[in-house]
Number of protein chains: 4
Amino acid sequence: MVHTIIVRGFHLDLYGHVNNARYLEFLEEARWELLDTRIDLDDWHRRGLAFTVVKIAINYRLGASLGDALEVRTSLTRLESRSGTFEQNIFFVGTEEKVADAEVTFVLVDKSTARATQIKGDIREALTALSDESSHCP
Amino acid sequence: MVHTIIVRGFHLDLYGHVNNARYLEFLEEARWELLDTRIDLDDWHRRGLAFTVVKIAINYRLGASLGDALEVRTSLTRLESRSGTFEQNIFFVGTEEKVADAEVTFVLVDKSTARATQIKGDIREALTALSDESSHCP
Amino acid sequence: MVHTIIVRGFHLDLYGHVNNARYLEFLEEARWELLDTRIDLDDWHRRGLAFTVVKIAINYRLGASLGDALEVRTSLTRLESRSGTFEQNIFFVGTEEKVADAEVTFVLVDKSTARATQIKGDIREALTALSDESSHCP
Amino acid sequence: MVHTIIVRGFHLDLYGHVNNARYLEFLEEARWELLDTRIDLDDWHRRGLAFTVVKIAINYRLGASLGDALEVRTSLTRLESRSGTFEQNIFFVGTEEKVADAEVTFVLVDKSTARATQIKGDIREALTALSDESSHCP
């Protein structure tokens, strides 16, 4: 799943590069786009499950500047019993020049217990489908 | 009520000046500081009233740059039957050099009707006290 | 010129509505999209002219929530000797239900004098073209 | 070095918790506060050195909500030949309840070569001083 962004003035910091915190918004936007089209998040919410990020590790590799077009490639690369991990890579559009890469680990919090729930049944299936598909498209 | 901010790298835009949208966060922060110390907002929430901004008019007068210290001076300048207005001025700290000024109009939305409620009784008194005080300190 | 946004979790405030400051980013994004496609801003920069917003007046009319699709309609409605004004309206996509409307006034700052310059010659023509076109499409 | 924040409405996401990306702004603010008081960053800039974050790894442990007071404790925990690492922990004020913890790795980019420079001489001394001090106060 690929999400595209044009770098605007309000994304920049004092060096004229995209600010560190903004990248996390780009990554979040890309994850929502992926999930929205594949998963019935409303249904998960009704079942009391909240999609919750517990860890982000991001490497900043190249500065992106005003007017640059970026693409975020998102794939689900790991699915454990109670957690999963997205790999997200940000490139200059149409190149293999990497601006940043990140690993984003999530759990599904059961709101009734406030704890990470086991990922199983149809939810595991939906996420596994995501994972299979991700492995095909970069 | 005066709130102070140091301009940081992540506040800036491509010209090295504080970004337009950030000023609205500075203004909101200053309003919360004022309200938090004077008004029992939790009680208002329990009574089903949501403090809601309906209009902001802001003039950008001078660019603020990395490391600048700014102060936001907030006062309640108008209290109508169903709305009120804050005047908020942002200066370089300790000067009368104005960076921006804004008028922020709010209503109290009654969540049961989703409409602006009449501002009366103890709520009017609390806001009037705010207004009196504001007129004394810049 | 119409720009579309899906409301995401990171856009929201405590009431589950898009935060006031975020709207200014939506408006800025929409203005950049309009200008990028019609005007050679790089050339203006080389000539020492900085596109600078001096005033924003925004009315918040309806709350937008998670997953809502919004469209920003931007048009240049006024062009004075030294300033211009964009009218920007935000609707729920495909409806005439208005979420917010704003007037955004700009000047072109001549960096050599740090003052608003006269808008004339080819720059006036480019902006006038923008204005004509805007009047045709909502 | 301890930096304090009150959680405001514009910091929150759809679950009423501070948004992931906002934490990076809290961390950046805390690092600036630490560096500003101890290091002559302007001098480093004049020498063509840009303080550049190359990696952030953050764990989100507890949700922070409207009105919560948070403190960010920042210390320099590692100083290699060409990079250094800050450890930053965010707690509910006055408690040992951890909201988030992060490791932030930086380099000093020499703008003439666009590469990470060796950290040596008075710059190494200034950072080492920071490190010694950090080890005393959490």
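Residues numbered from 1 in each chain as written. Chains lettered and ligands numbered in written order. Predicted model: local features only at pLDDT ≥ 70, side-chain atom pairs only at ≥ 80, totals over all residues. Heavy atoms only, no water.

Draft legend 1. Inspection of the packing of helix H1 (residues 20–38) of chain B against helix H1 (residues 20–38) of chain C at higher detail. One can describe the packing of H1(B) onto H1(C) by two numbers: an axis separation of 8 Å at closest approach and a directional angle of 170°. In terms of their interaxial angle, H1(B) and H1(C) are classed as roughly antiparallel. In contact with B:Asn20, B:Ala21, B:Leu24, B:Glu25 and B:Arg31 of H1(B), H1(C) contributes C:Asn20, C:Ala21, C:Leu24, C:Glu25 and C:Arg31. Residue classes in the contact of H1(B) with H1(C) are distributed as four nonpolar, two polar and four charged. (Axes fitted to C-alpha atoms, helices over the stretch in contact; angles between N-to-C directions. Helix = DSSP H or I, 4+ residues; strand = E, 2+ residues; numbered from the N terminus. Parallel < 35°, antiparallel > 145°, perpendicular 65-115°, else oblique. Contact = heavy atoms within 4.5 Å. Nonpolar A, V, L, I, M, F, W, Y, C, P; charged D, E, K, R; others polar.)

Draft legend 2. How the structure looks around the environment of C:Arg78. Tracing the chain through its elements places C:Arg78 in strand S3 (residues 69–79). Those residues in contact with C:Arg78 that lie beyond four places of it in its chain are C:Ser83, C:Gly84 and C:Thr85.

Draft legend 3. Structural detail: the relation of the copies chain D and chain A. Note on the copies: chain D fits chain A at an RMSD of 0.0 Å, the axial shift is 0.0 Å, and the rotation between them is 180°. On this basis, the relationship between the two copies can be described by a two-fold rotation axis. Identified as the residue of chain D closest to the rotation axis by C-alpha distance is D:Ala57, at 2.0 Å. By residue overlap, the copies meet face to face through one surface: 100% of the interface positions of chain D are interface positions in chain A. (Least-squares fit on C-alpha atoms with pLDDT ≥ 70 in both.)

Draft legend 4. Looking closely at unusual backbone geometry. We note that B:Ala114 has phi near 60°; this positive angle belongs to a residue other than glycine. Assignment of secondary structure puts B:Ala114 in the loop between strand S5 (98–110) and strand S6 (115–116).

Draft legend 5. A look at helix H1 (residues 20–38) of chain D. Residue and element names in this part refer to chain D. Between its first and last C-alpha atoms H1 spans 28 Å; for 19 residues at 1.5 Å apiece the expected length is 27 Å, and the two agree. Counting buried positions along H1 gives 15 out of 19 residues, so the element sits mostly inside the fold. One side-chain oxygen of the residue at the start of H1 lies 2.9 Å from the amide nitrogen of Ala21, identifying that residue as Asn19. (Expected span 1.5 Å × (residues − 1). Buried < 20%, exposed > 50% of the residue type's maximum accessible area, 1.4 Å probe, protein only. Polar contact = N/O pair within 3.5 Å; in protein donor to acceptor, adjacent residues only side chain to side chain.)

Draft legend 6. Local environment of the relation of the copies chain B and chain D. Mapping chain B onto chain D calls for a screw motion: a turn of 180° about the axis and a shift of 0.0 Å along it, with 0.0 Å RMSD after fitting. Taken together, the interface assignments show that 100% of the residues at the interface of chain B recur at the interface of chain D, consistent with an identical surface on both copies.

Draft legend 7. Region of the structure containing the side chain of D:Arg22. Examined against the element boundaries, D:Arg22 turns out to sit in helix H1. According to the relative accessible area criterion, D:Arg22 is buried, its value standing at 9%. Within polar-contact distance, the side chain of D:Arg22 engages the side chain of B:Glu25 at 2.5 Å. The contacts of D:Arg22, once residues within four sequence positions are left out, are B:Arg22, B:Glu25, D:Phe10 and D:His11.

Draft legend 8. Representation of the interface of chain B and chain D within the structure. The interface of chain B with chain D comprises eleven residues on the first partner and eleven residues on the second. Summing both sides of the interface, chain B and chain D together bury roughly 1,200 Å²; the carbon and sulfur share of this comes to 51%. Across the contact surface, chain B and chain D share six salt bridges. Between D:Arg22 and B:Glu25 there is a salt bridge, and its shortest N-O distance comes to 2.5 Å. The interface formed by chain B and chain D holds six residue pairs in polar contact (both at pLDDT 80 or more) in total. Classifying every residue of the side of chain B that touches chain D by side-chain character gives two nonpolar, two polar and seven charged. (Buried area = accessible area lost by both parts, 1.4 Å probe. Salt bridge = Lys/Arg side-chain N within 4 Å of Asp/Glu carboxyl O.)

Draft legend 9. Quick peek at the interface of chain D and chain A. Each partner contributes residues to the interface: chain D has 21 residues there, and chain A has 21 residues. Seen at the junction of chain D and chain A, the total is zero salt bridges. On inspection of chain D and its partner chain A, the count reaches six residue pairs in polar contact (both at pLDDT 80 or more). Sheet topology note: the strand S2 (residues 49–60) of chain A/strand S2 (residues 49–60) of chain D ladder contains five bridges and is antiparallel. Each bridged residue has a counterpart across the sheet, and for A:Lys55 the counterpart in S2(D) is D:Asn59. (Pairing = 2+ DSSP bridges.)

Draft legend 10. Representation of the pattern of salt bridges in the model. Applying the stated criterion to the full structure yields 48 salt bridges over all chains. Its salt-bridge partner being A:Arg73, residue A:Glu71 comes within 2.7 Å of it at the nearest N-O pair. For the pair formed by A:Glu71 and A:Arg73, the shared burial category is buried. Each of A:Arg22, A:Glu25, C:Arg22 and C:Glu25 takes part in a single network of salt bridges with overlapping partners.

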